[in-house]
Amino acid sequence: MPATYLWSVDSAGKVYTLSTGGRQWEEVKGNIELKRVSATQQCAWGIGCDHQVYLYVHSSEVPIRCQESTYENQRWNPMEGFSGEHLLPTDRWSWSNQQGTQLQLKDSCTLPSPHWAWEDDWYIDENIKGQPTDKGGWQYAVDFPAQYGPKKRWNSCVRRRKWIRYRRYQATDNWALIKDQIPGVFEDPLKEPFIDVASGGSELTDQPPGRLSVWTVTIMGRIFYRTEVHAMNPEGCSWREVDNEGRECTQISLGPSCLLWAVTWEGEVMVRTGITRDNPTGTSWQVVPPPQQDVHFLQVSVGVKGVWALCRGDKVWFRKGVDASRSAEDQSALVGTAWVEMVGAMALISVGPNDQVWSLDANDRYMVYFRKGVTPSELSGKTWKALEISKGGPASMDSSVSSSISDIYSQSNMLSSQMDRLQVASDSFPDIQPEESRPSLASDLSTENHSPQKGSAMGDKLEDIQDSQEKDSVEETISEGKGIVKGNSATGTKDMQQGLTPATNSCASTENDEIQRRESMESYKSDISDTVVDFTGDYVPQQQGTQSTSEVIQTLRRTETRAKTTENASGATEERSTESRSDESGISKGATSSTESVDTRSSDGKRNPVLEKLQEDESQSEGNGSCRGSTTSISGIDMYADLYQPDPAWVWVSGGGCVIDTFTQPNWFTVAPSHTNGRGASMLGPLDSMAIWGQVQISSAPWRKKVLLQLQERARKELQPFQDYEQAVERTSWIKKGSLQYWSDTKPHRWVDCRLHLEQSSGKGLHDCKFTCYYKYYDSEKYLQFALMEIVCVLRVNHGGNQRPVFAIYTAKRTAKKVPVRLACSTEKELEDWVTAISLACSELQGCQGAPSPRAVWSTTCRGDIFVHDPTPEMEQTPTNQMFWRQMGGHLKMVECGGGGVVWGVGFDGTAWVYTGGYGGGMFKGIASSTGGIHTQTDAKYIYIYENQRWNPLTGFSDRGFPTDRYMWSDITGRQECTKEGTKTPTTEWHWVSDWTIDYKPPGGADKKGWQYAADFPASYHGYKGWNDYVRRRRWMRKAKIVTTGAWLEAPPLHLKDISVQVDQPEGSTDPIALWAIGENGDVLCRLGVIQDFPQGVSWLHVPTDQPMTSVSVGGNSRVWVTAQDGSAFFRNGITKNEPQGTCWFHIPSPHGRPLVQVSAGQSSIWAVDKLHWLWFRAQVTSTFPEGTTWEYLSPNVKTVSVGPQDQVWILAEDSPEKGTWIPMADKVVDKVKEKVWVLQGYVPPGSRGVVGHRLGVKIPEIPIGKSWDTQGIGGGWIHLSIRACTVKDSPTGVCMDSVAATVKGVPEEGDANSIYNSKPVC
């Protein structure tokens, strides 16, 4: 799951973000001070201290670029030919938009704001519907408007051409001012400033991707809506005022589903009704009654089903019964049913996209709180949990500096109570760290970010400015018998002794006083020069003369003991001296010092003379008006204490862009026990730092390595004498038994009870490993038995006739006949146990254990399961039904492999994943999974059901159909009933993340309410009602999410729809690997920094195109081919190591006007599939002419194609490519309308009938298109296949005898599959 951000604003106007993948607040760069923000996942809107609206857009590797276009129109006349100056009065303008309704000159296309910039000048588009135009880009037609074509005909009287120019948004990762003035307000924004802003609405039903809604409130209580805000135009166009019905508002909140609530000056809350995709501003306001008459609300925050509010007195309220997802059916769901008072006193509250809640405590603004336990079933949560996370970024001070003086002095108590722990750690692990490299006290109290250069410069500056004053202050302090504590000085031990020892030697000689004064002066100089605090917030520790921690501890021990000894002797003198100085300075005894709040008692309850002495010294120095240098301190930095105030408190928090999954918590909820205070300052003492550091370093200690070497040597000596002994047990076997249900493929077709025996042997009895299924056939008992070596695949399947989990077992012969053994289990756990046991047993027999080979073949099914086949040198001669497929952990829609073993995958939600090299995960646990490289993986997809209705003359369309009609709530086939309440997630690993909503964009189109019309069931559906349409349907969708594990690591957060890896990278090469992808919006991306040892790469590089792309493939020598949205193909030229993105595109027209949907490039051959599933081959592709010349048609009924590094061709076939007939499959039903055979969704969903096929006889360059097809491979649900990493020992030669392809384990192909059941009954 990509990282999302929690936004917050402090009292200094600085904005911070907290990533779900991070553990500290990061400051958002920008010189703008803000009051509040409203964040979404795409951007954030804010109100500045100047009361103007600002926008912050996250940067991305895919830039925000928009196309501006205009059309040049001309008409032919016999005098001048084609000209734009002699158009007819009824014609369009010579420069217009595409429809010709508006005048649109090139000069009239200007930038919408200063935040945009032009990429290039105007140029002509020489492409029309996938076909190239004549020179000049002209498109010809008979008249305006008409159908345009690329060629001029005898009756072409008009022509036009398209001019294109691109502009790019540049104000990313910075705050951009929205300068548009609101209607009815003067140019001065202070005349009516903005006071609040709300953004959201990205999940509104049928909302176009990237569309947002932005609302604002002014000081006069007026409400405004920002028009045309979407991903390609993040700033929007203008402000539109929305009638507030006479109620002046102060605050507004918008949820992801466009649930809009507002608070008035009188403390009322109201909700906006009637917001739809066609009317984003809604129709009216509805006041929500308060829980009590004396409750006046101050702030409200909304999500999808959660509405939270704050009233006077900092009370928190939760609104029950709100559900924005049901607003289309019931508008009362926007208002809710009742208010519930929650526990806690909060100053601000914010609700996230999935109803997670954040808040600020009314009594402690230094802490952000999170509502724990918020789930779809319990929206109010359970309790408040503090996010004890420190600030980071350039404006964040060091933790030891940003803390208050009391926090600094509290370190002494920690030192006093932890002396023994540090001493034990230092004595127990002498080899962990050298004495001179142990961290000092100052370094333990500081953060990781230091600036030595900046610190030294600041130290010189401070020393020059305060040198004379500090010297006088030090001399005065020493003369009064007060030392200075310097924990970070070069003479740390001596200075510590001087600073913590009371002045008891008042009658010492003048010579000793002079020596002490000089030493103190030198120590003070080194203190202010070596321990410097940068004004930007970076704490700079000393670089030389650092005192070890053990020396500091010993000094503190001696000092405390000495202080206790002399306490009684010097107590009276100290008291008299303090009173006299206070009277002289005019400060009363009750004056408050900066250390009065510090508890002067130690952990055992006794008085701490050290802290008492520090407080007394500070109060005396303040009373005498001395400078900061005379203040006593343990760390030596409190001399500048008043320069370092605590971090500013939080004043605003926004969780609108932070998605928290209740099943996968972010890092900040799983951190170690807190060592920070409310202001984010570190409370981890130096001794704790040393202990933690020691635990981390102990794994690499020398003594541990020595012990491990000794154990290894001992084991070798003990086992070596017994290596020649034979095993005591030469053969072992085990049997797994269970009771399941078996689907009988013979009459009667039904589920019958059965008993399974899985027998596995080790040693020399591998041929005895068997699978046996005992079942009853009518009144007789029969069994089905075959060796485990015959099994080629075990996978989970769907079956409409059984609600229990079902898995299928494929053998070579059953694969060819497409009749697997289907077994139903009682629970998900039982199915996983059987699938895992059979898969591991077969993998062991096939010798395919552990991680797959870098040359492996990868594939995925419609269920998201991932399968891999380890190739053999004879793979090109091996029939496809004998290929052994084993399952890998994870859940993906497609997997693409390439040279060097680089493997990437794309999930159903578009998230990219990189293969880590491990194996296992998912249902494979324990020894079946590797210990490294297994990560948590998530994926999401939509589940669809259909609502069907029939028209009758009395009631119109209703849910009353004919007895022969389909179910009124069904799947796509209509044979299986699927209601909203009865439709479950695919497995227990899945969970719902949304409610049922109407899909307004199904295949074939729909009307405004989502209906599709047809003459009867089933037929061809369209999005409008015809005069003879008597039935209609609409598709409902619901999003489900799965959380599993696998050997996959999430790639950067860019959603993709296709990906390709270079096909010819040899193993062991260190050269960069070309990896290209297509974004979800059709953007072409090039991945930089991909090598075999670092397959995830570094960053994406956007490659500009004139239109969205659909498919990409990287062939030999980094030749990149893509297919466009209009069905044409493009070849990228100029790709080199220095320019991996290439230089320009070559346009390749589609074959015979058939739009291409997929392309695959091998070492030297190019293959493509069009929209009608026809397979095409690009002829005459050479090194000097890599784009080829023409397309040659090869076969129909091909779903996808994959070309390998040796130009071998593999496909997923919908039907038989040779005969053009439908492949016989299980559960087949005759469709009388189409007169074809199709498959029920229960077993194999329509559109996912891919069968693995192989092109035989391919030989480069003699026979590049091969001879025949082998389509006997596994199928019935395969949706993607990648052969692009498979290099065999011998390249394909085109020799494959039909007898070899038609023989399976010595059994003739014409053998009856039902003969398996003709076995004798069990005795």
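The numbering scheme is per chain: residues are counted from 1 as the chain's sequence reads. Local features are withheld for residues below a pLDDT of 70 in this predicted model, meaning they are given only at 70 or higher, and side-chain atom pairs are given and counted only at 80 or more; totals for whole chains, interfaces and linings count all residues. Only heavy atoms go into the side-chain values, all of them from the structure, while hydrogens and water stay out.

## Observations regarding the overall build of the protein
Then, number 1: From N to C terminus, the protein includes 15 helices and 76 strands.
Then, number 2: Looking at the protein residue by residue over its 1323 residues, the buried ones come to 53%.
Then, number 3: What makes two residues a contact is simply this: any of their non-hydrogen atoms within 4.5 Å. If you take every contact in the protein between residues at least 6 apart in sequence, the share linking residues at least 24 apart comes to 60%.
Then, number 4: Accessible areas in this description were obtained via Shrake-Rupley with a 1.4 Å probe; residue shielding takes into account the shown protein chains only. Within the structure as shown, the protein displays about 60100 Å² of accessible surface, and the carbon and sulfur contribution to it stands at 51%. Helix and strand definitions here come from DSSP, where helices need a minimum of 4 consecutive H or I residues and strands a minimum of 2 consecutive E residues; each element is numbered from the N-terminal end. When accessible area is computed with a 1.4 Å probe and restricted to protein chains, residues below 20% of their type maximum are described as buried, those above 50% as exposed, and intermediate ones as partly exposed.

## As for the packing of aromatic side chains
Then, number 1: Pairing of aromatic rings covers Phe, Tyr and Trp, the last through its six-membered ring, and needs centres within 6.5 Å; plane angles under 30 degrees mean stacked, over 60 mean edge-to-face, and all others mean tilted. Inspection of the entire model under this criterion finds 38 aromatic pairs.
Then, number 2: Taking the centre distance of 6.5 Å and the plane angle of 35° together, the rings of Y942 and Y944 count as tilted.
Then, number 3: For the pair F957 and Y1013, a centre-to-centre distance of 5.9 Å together with 65° between the ring planes defines the contact as edge-to-face. Taken together, the residues F957 in strand β49 (residues 956–958) and Y1013 in strand β53 (residues 1011–1014) connect sequence positions 56 residues apart.
Then, number 4: The class for F957 is buried, based on a relative accessible area of 18%.
Then, number 5: A cation sits over an aromatic face here: K106 above W163, 4.1 Å from the ring centre.
Then, number 6: Two thresholds decide whether a charge sits over a ring: the Lys NZ or Arg CZ must be within 6 Å of the ring centre and within 35 degrees of the ring normal. Sitting above the plane of the W239 ring, R226 keeps its charged end 4.9 Å from the centroid.

## Here we look at the environment of E235
Then, number 1: Residue position: E235 is located in the loop between β19 (223–226) and β20 (239–242).
Then, number 2: Separated by 120 residues in sequence, E235 and H115 have C-alpha atoms that sit 9.3 Å apart.
Then, number 3: Apart from the residues within four sequence positions on either side, E235 is in contact with W45, L55, S113, H115, W116, Y169, I178 and R226.
Then, number 4: Within polar-contact distance, the side chain of E235 engages the side chain of W116 at 3.4 Å. For the purposes of these results, a polar contact is taken to be a pair of N or O atoms within 3.5 Å, where, inside protein, one atom must be able to donate a hydrogen and its partner to accept one; residues adjacent in sequence count only when each atom of the pair is a side-chain atom.

## As for the pairing of strand β25 (residues 297–302)
A regular strand carries its side chains on alternate faces of the sheet.
Then, number 1: With five of six residues buried, β25 lies mostly within the body of the structure.
Then, number 2: Here β25 hands over to strand β26 (residues 307–311) after four residues, the two strands then running antiparallel side by side. Only strands joined by at least two bridges in the DSSP assignment are considered to pair.

## Looking at unusual backbone geometry
Then, number 1: Each neighbour pair has its own omega, and for F144 with P145 the value is -25°, a cis peptide bond.
Then, number 2: Considering the arrangement of structural elements, one finds P145 in the loop between β14 (139–141) and β15 (158–169).
Then, number 3: The omega torsion of the bond from F1017 to P1018 falls at -25°, within 30 degrees of zero and hence cis.
Then, number 4: With respect to the element layout, P1018 can be found in the loop between β53 and β54 (1031–1046).
Then, number 5: The residue D173 is not glycine, and still its phi comes out positive at about 55°.
Then, number 6: Checked against the element boundaries, D173 lands in the loop between β15 and β16 (175–177).
Then, number 7: Note on D173: relative accessible area 23%, which makes it partly exposed.
Then, number 8: You will see that D1207, though not glycine, has its phi angle at about 60°, which is positive.
Then, number 9: A residue is classified by how much of its surface remains accessible, and D1207, at 4% relative accessible area, is buried.

## Some points on the pairing of strand β28 (residues 338–351)
Then, number 1: Two strands pair when backbone bridges link them, and strand β27 (residues 315–320) and β28 are joined in this way by six bridges, in the antiparallel orientation. From the neighbouring strand, R319 faces β28, where its bridge partner is W339.
Then, number 2: Sheet topology places β28 next to strand β29 (residues 357–361); five bridges connect them, and they run antiparallel. Looking at β29, one finds that I349 is bridged to S359.
Then, number 3: Counting the residues in the hairpin turn of β28 and β29 gives five residues, including D355, whose phi is positive at 70°.

## Some points on the pattern of salt bridges
Then, number 1: We define a salt bridge as a contact between a side-chain nitrogen of Lys or Arg and a carboxyl oxygen of Asp or Glu at a distance within 4 Å. All told, the structure shown has 30 salt bridges when counted by the stated rule.
Then, number 2: Of the charged contacts in the structure, one is a salt bridge between K391 and D10, with a shortest N-O distance of 3.5 Å. Taken together, the residues span a long stretch of sequence, with K391 in the loop between β31 (383–387) and α1 (399–402) and D10 in strand β1 (residues 5–10) at a distance of 381 residues. For the residue pair K391 and D10, the accessibility class agrees, reading buried in each case.
Then, number 3: Between R222 and E241 there is a salt bridge; the shortest N-O distance is 3.1 Å. Residue R222 is found in the loop between β18 (213–218) and β19, and its partner E241 is found in strand β20; the two are separated by 19 residues along the sequence.
Then, number 4: Here the salt bridges share partners, and the residues they tie into one network are R65, E119 and R168.

## Structural notes on the sheet that holds strand β56 (residues 1056–1061)
Then, number 1: If you trace the four strands from one edge of the open sheet to the other, you get β56-β57-β58-β59, paired in antiparallel fashion. Each edge of the open sheet carries a strand with a single partner, namely β56 and β59 (1099–1103). Mean inter-strand twist for the sheet, computed between neighbouring axes without regard to direction, equals 30°.
Then, number 2: Note: strand β58 (residues 1084–1088) against β59, five bridges, orientation antiparallel. Paired with V1084 across the bridge in β59 is V1103. Helix axes are fitted to C-alpha atoms over the stretch in contact, other axes to C-alpha atoms as well, and angles between N-to-C directions run from 0 to 180 degrees.

## Observations regarding the nonpolar core
Then, number 1: To define a nonpolar core, start from buried Ala, Val, Leu, Ile, Met, Phe, Trp, Tyr and Cys residues and group those joined through side-chain atoms within 4.5 Å. Counting 33 residues, the largest nonpolar core has F771, F807, L823 and I838 as the members making the most contacts within it.
Then, number 2: Taken together, the elements giving at least two residues each to this core come down to β35 (732–743), β36 (751–762), β37 (770–777), β38 (780–787), β39 (791–797), β40 (806–811), β41 (821–824) and α14 (828–846).
Then, number 3: With eight residues, the top contributor of residues to this core is α14.
Then, number 4: Among all residues touching F771, those that are not within four sequence positions of it are L756, H757, L758, L784, Q785, F786, L788, I809, L823 and I838.
Then, number 5: One finds W25, V28, L34 and W650 within the second-largest nonpolar core, a separate group that totals 28 residues.

## With respect to the environment of G137
Then, number 1: Mapping G137 onto the fold places it in the loop between β13 (131–132) and β14.
Then, number 2: Considering only alpha carbons, one finds G137 and I124, 13 residues apart in sequence, at a separation of 6.3 Å.
Then, number 3: Excluding residues that lie within four positions of it along the chain, G137 makes contacts with I124, D125, E126, R160 and R161.

## What about the sheet that holds strand β64 (residues 1156–1161)?
Then, number 1: Reading across the sheet, the four strands line up as β64-β65-β66-β67 and stay open at both edges, with antiparallel pairing between neighbours. Only two strands of the sheet have a single partner each, and these edge strands are β64 and β67 (1191–1195). Averaged over all neighbouring strand pairs, the angle between strand axes comes to 30°, with direction disregarded.

## Structural notes on α14
Then, number 1: Under the convention used throughout, the expected extent of a helix is 1.5 Å for every residue step, that is, one less than its residue count. A rise of 1.5 Å per residue sets the reference length of α14, with its 19 residues, at 27 Å; its end C-alpha atoms lie 27 Å apart and thus fit the reference within 8%.
Then, number 2: Immediately beyond the C-terminal end of α14, within one or two residues, lies G847, with a positive phi of roughly 70°.

## Here we look at the environment of T1200
Then, number 1: Structurally, T1200 is set in strand β68 (residues 1198–1203).
Then, number 2: Spatially, the C-alpha atom of T1200 lies 8.6 Å from that of W1210, the residues being 10 residues apart in sequence.
Then, number 3: Excluding its chain neighbours within four sequence positions, the residues that come into contact with T1200 are Q1158, V1169, W1210, I1211, L1212 and I1279.

## Notes on the confidence of the model for the protein
Then, number 1: Here the protein shows a mean pLDDT of 76. Residues at 70 or above account for 71%.
Then, number 2: For the stretch residues 1291–1323, pLDDT sits under 50, and the model shows 53 contacts to residues farther than four places along the chain or on other chains. The quantity known as pLDDT measures the predictor's confidence residue by residue, on a range of 0 to 100.

## Some details on the state of the cysteines
Then, number 1: Cysteine sulfur pairs qualify as disulfides if the two atoms are within 2.5 Å. Scanning the entire structure with this criterion turns up zero disulfides.
Then, number 2: As a non-bridged cysteine, C1286 has C897 as the owner of its nearest cysteine sulfur, 8.4 Å distant.

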